[in-house]
Amino acid sequence: MGISEDLKQSKFPSEASKAVVNAIYTGNWIVQQQQELLKPFGLTVQQYNVLRILRGQQGNPMTVLAITERMLDKMSNASRLVDKLVEKKLVLRRECPQDRRAVDVLILPAGLDLLTQVDQVQNDWGKHFDALGVKRLEEMNQILDEFRTVFSHN
């Protein structure tokens, strides 16, 4: 019996405690799916996140500190992730002209090209969500946003 079957059959003290376990389980499951999806591209989930953040800058540099602030996984070492992406020739790391203590990071054309390839696979994977329908996806997004909001005020 898989964990999802365990969730359905387990006795939880409340629906809230079941929701917490279900959210953790689902989050971990999505991360595992993403790891498998990114493996053929030689990327980790965290490296992919950095590349997407940099692509969003539309050619403008970003400091490592700013990347860290925008990352999904706040425990990631953005500096080390950038070093790995520099080794792969996907990003450029250079001294910030305004603050020599800071480091600017730019996505290179090879990084953009790789993201284009990953986008195709991500879009195919994301089509699984279409089965839920737009209305249910909107509801799910609203519930997840509210869930985080409730905890951020405590």
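Residues numbered from 1 in each chain as written. Predicted model: local features only at pLDDT ≥ 70, side-chain atom pairs only at ≥ 80, totals over all residues. Heavy atoms only, no water.

- As annotated in an unreviewed UniProt entry, the protein is MarR family transcriptional regulator from Aquirufa originis.

**A word on the overall build of the protein**
Line of reasoning, step 1. Broken down by element type, the protein carries 7 helices and 3 strands.
Line of reasoning, step 2. Secondary structure of the protein in N-to-C order comes out as α-α-α-β-α-α-β-β-α-α.
Line of reasoning, step 3. Since a compact globule built from 154 residues should have a radius of gyration of about 15 Å, the 19 Å found for the protein marks it as more spread out than a globular shape.
Line of reasoning, step 4. Taking the principal axes of its C-alpha atoms as reference, the protein extends roughly 60 × 35 × 30 Å.
Line of reasoning, step 5. Out of the 154 residues in the protein, the part that is buried amounts to 24%.
Line of reasoning, step 6. Relative to all contacts within the protein whose residues are 6 or more apart in sequence, the contacts with residues 24 or more apart total 49%. (Helix = DSSP H or I, 4+ residues; strand = E, 2+ residues; numbered from the N terminus. Rg over C-alpha atoms; globule rule 2.2 N^0.38 Å. Buried < 20%, exposed > 50% of the residue type's maximum accessible area, 1.4 Å probe, protein only. Contact = heavy atoms within 4.5 Å.)

**Considerations on the nonpolar core**
Line of reasoning, step 1. Ranked by size, the top nonpolar core spans 24 residues in total, and within it Leu43, Val50, Leu51, Leu54 and Ile67 carry the most contacts.
Line of reasoning, step 2. Leave out the neighbours within four places in its chain, and Leu54 touches Met62, Ile67, Val91, Val105 and Ile107. (Core = buried A, V, L, I, M, F, W, Y, C linked by side-chain atoms within 4.5 Å.)

**Here's the deal with the sheet that holds strand 1 (residues 62-63)**
Line of reasoning, step 1. Taken together, 3 strands build an open sheet; the order of strands is 1-3-2 and the sheet is antiparallel. The open sheet has two edge strands with one neighbour each: strand 1 and strand 2 (91-95).
Line of reasoning, step 2. Across 2 bridges, the pairing between strand 1 and strand 3 (residues 103-107) is antiparallel. The residue of strand 3 that forms the bridge with Met62 is Val105.
Line of reasoning, step 3. Along the sheet face, helix 3 (residues 45-55) touches strand 1, strand 2 and strand 3 and points at about 90° away from the line of strand 3.
Line of reasoning, step 4. Across the face of the sheet, helix 5 (residues 78-87) comes into contact with strand 2 and strand 3 while running at roughly 120° to strand 2. (Pairing = 2+ DSSP bridges. Axes fitted to C-alpha atoms, helices over the stretch in contact; angles between N-to-C directions.)

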